[in-house]
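Observations on chain architecture
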Amino acid sequence: MNRIEAKLAQLKEKNEKAFITYITAGLPDLPRCGQLIHTLEEAGLDILELGVPFSDPIADGPVIQDASYRSIQKGTTLKKTFDLVEQVRGEGVAMPIVFMMYYNTITYYGVEAFIAKCAEVGVDGLIIPDLPMEEQSTVKELLGNRDETILLQLVAPVSAKRIPQILDGARGFVYCVSAMGVTGQSGQYHREILSYLQDVKDQSPIPVMMGFGITSAEDVAPMREIIDGAIVGSHFIKLMEANDYDLDVAGEYVSTFKKNF
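Note that the structure is a prediction, hence the values are computed from the model and not measured. (Residues numbered from 1 in each chain as written. Predicted model: local features only at pLDDT ≥ 70, side-chain atom pairs only at ≥ 80, totals over all residues. Heavy atoms only, no water.)

1. Remarks on the pairing of strand β9 (residues 229–232)
Of the two faces of β9, the one holding Gly229 and Ile231 and the one holding Ala230 and Val232 are both buried throughout. Where strand β1 (residues 18–24) lies against β9, four bridges are found, and the strand directions are parallel. The partner of Phe19 across the bridge, within β9, is Ala230. (Buried < 20%, exposed > 50% of the residue type's maximum accessible area, 1.4 Å probe, protein only. Helix = DSSP H or I, 4+ residues; strand = E, 2+ residues; numbered from the N terminus. Pairing = 2+ DSSP bridges.)

2. Re helix α3 (residues 62–73)
Between its first and last C-alpha atoms α3 spans 16 Å; for 12 residues at 1.5 Å apiece the expected length is 16 Å, and the two agree. Residues Ile64, Ala67, Ser68 and Ser71 constitute the buried set of α3. Viewed end-on, α3 has its buried residues packed into an arc of 100°, placing them on one side of the element. Relative to its buried face, α3 has exposed residues pointing more than 90 degrees away, namely Pro62 and Gln73. (Expected span 1.5 Å × (residues − 1). Arc of directions from axis to C-beta.)

3. A look at helix α2 (residues 30–42)
Since the α-helix advances by 3.6 residues per turn, residues separated by three or four positions end up pointing in the same direction. Look at α2: 19 Å from first C-alpha to last across 13 residues, which is about the 18 Å you get at 1.5 Å a residue. Where α2 is concerned, the buried positions are Cys33, Gly34, Leu36, Ile37, His38, Thr39 and Leu40. The distance from a side-chain oxygen at the start of α2 to the backbone nitrogen of Arg32 is 2.8 Å, and the residue carrying that oxygen is Asp29. (Polar contact = N/O pair within 3.5 Å; in protein donor to acceptor, adjacent residues only side chain to side chain.)

This is the structure:
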């Protein structure tokens, strides 16, 4: 069983929801990013979404775009991100780690080499927003049915007719985009969010996570009985930037979200 799947199974047994946060690899710098990962795990984070910086992150709003740009300016690369994951794994970090990234970065590295490296260092899942269902065959074939690394699927409010096809053979969890547009649109959920999420839940053989625009557990309270977990990205980046990546602030945010969720 993949590490993501094992964690979600544990949470289901305890009747708990999953909490996932996004951070940009390399911020505020690589050593402190490693410290942040440790802090998040200690605070009770269930799954880490680690953003691999890219120059044109099309699914991301201004906050994550800016974070990605600044990380690139600091010299963060895919190779250094792999090194970061390998380092924290060696230091004992056991929580699932998911790469959020874009396909250009993978093709430049080499798809086969990339998949092999993910398995080697301990990357458990991949979210690739610009790789539609019809273009996933190469990645899926290389991943195979092994448990080291799995491809996670995204669905959006416009995906209604494609949900069965998108989720055919899907593993881990399905990432439900809760707003039309890009990340960071706080509270601007799709007007039919509840029916959309319920539709996905009814058709999904795997846990359903809601992302885009979430700042607190209160934001997802109306959806709690439908979803299996929530993903916070832009808000957490803004919180870290406003507090100079203070580890106590990071830990308090995660533990409070988990307690209220």
